[in-house]
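Spelled out from the first residue to the last, the chains are:
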Amino acid sequence: MTTPNHRKQRANNSREHILDTYVDLLIHTGERAATLDAVATAAKVSKGGLLYHFSSKKALLEALAERTLTLAEEDFAAMEQAPEGASAYYINSSTPDNTPFDRALIALSRLAQNNNELAQQTLARVQEGWHALVLAELGDEQIARTVLLLGDGMYYNAAFGGDSASPQRAAAIAADRAALERALQVLKAATR
């Protein structure tokens, strides 16, 4: 017999699966291709099943924004507690890693590039959180911004530099990370 808790868990799993599918479509095909019909087809659910969980494309976007902010709060907590400090954590975690947080950020960035206001606002809130933690550690606005830009450059370089699983690419990423860590030490010294 199916219990109410089991039905709720199954519904939550379906909802998350549909949201994951929406993220995949945004990443791989873009906003225009991520229609409700396309999401339902890719998620292997009926359109009615999709609409049960998400009444509109706007509802999917709102759920993605909510998921991103939840994952960001987890990242902020890890960053705040990182023994190496928030700035080193930011740089060290600035490589694509296919985590749910990374995927959510990529999906939102695809929407933000098309001037989607909620996507832009959500990404701005995430960036403000990172900025606040790095600034709290370093105490200097210009150096905090520099650290964020270094991390962003690290992410960009790793994302567009090829297959990060190859030994050569992994070594290049590690060398870049080491170079940025040395630069970070110089920047930290400037704030003392």
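Along each chain, the written sequence defines residue order, and numbers are assigned to residues from 1. The predicted nature of this model means local features are confined to residues of pLDDT at least 70 and side-chain atom pairs, given and counted, to a pLDDT of 80 or more, with totals for whole chains, interfaces and linings taken over all residues. No hydrogens and no water enter the side-chain calculation; it runs on all heavy atoms of the structure.

**Remarks on the packing of helix 4 (residues 57-81) against helix 7 (residues 117-138)**
To describe two helices that pack against each other, one gives the angle between their axes and the distance between the axes.
Inference 1: Between the N-to-C directions of two axes lies an angle of 0 to 180 degrees, each axis being a line fitted to C-alpha atoms and, for a helix, fitted only over the stretch in contact. Per the convention used, a helix needs a DSSP run of H or I reaching at least four residues, while a strand needs a run of E reaching at least two, with both numbered from the N terminus. One can describe the packing of helix 4 onto helix 7 by two numbers: an axis separation of 10 Å at closest approach and a directional angle of 5°. When the interaxial angle is binned, helix 4 and helix 7 end up roughly parallel. Between helix 4 and helix 7, the contacting residues are L61, E62, A65, T68, L69, A72, D75, F76, M79 and E80 on the first element and L118, T122, R125, V126, G129, W130, L133 and V134 on the second.
Inference 2: Residues are grouped as follows: Ala, Val, Leu, Ile, Met, Phe, Trp, Tyr, Cys and Pro are nonpolar; Asp, Glu, Lys and Arg are charged; every other residue, Gly included, is polar. Looking at the contact of helix 4 with helix 7 residue by residue, the classes come out as eleven nonpolar, three polar and four charged. For classification purposes, an angle smaller than 35 degrees is called roughly parallel, one larger than 145 roughly antiparallel, one from 65 to 115 roughly perpendicular, and anything else oblique. Every residue pair with non-hydrogen atoms within 4.5 Å of one another is taken to be in contact.

**Let's talk about the pattern of salt bridges**
Inference 1: The working definition used for a salt bridge is a side-chain nitrogen of Lys or Arg within 4 Å of a carboxyl oxygen of Asp or Glu. Under the counting rule described, the total for this entry stands at five salt bridges.
Inference 2: A salt bridge links R67 to E16; the nearest nitrogen and oxygen atoms lie 2.6 Å apart. Of this pair, R67 sits in helix 4 while E16 sits in helix 1 (residues 4-29), and the two are 51 residues apart along the sequence.
Inference 3: Buried means the residue's accessible area, taken with a 1.4 Å probe over protein chains only, is under 20% of the maximum for its type, while exposed means over 50%, and partly exposed covers the values in between. A residue is classified by how much of its surface remains accessible, and R67, at 15% relative accessible area, is buried.
Inference 4: For K58, the salt bridge goes to E62, with nearest N and O atoms at 3.7 Å. Placement of the pair is K58 and E62 together in helix 4, with a separation of four residues, close to one helical turn.
Inference 5: Where salt bridges share partners, they join E16, D20 and R67 into one cluster.

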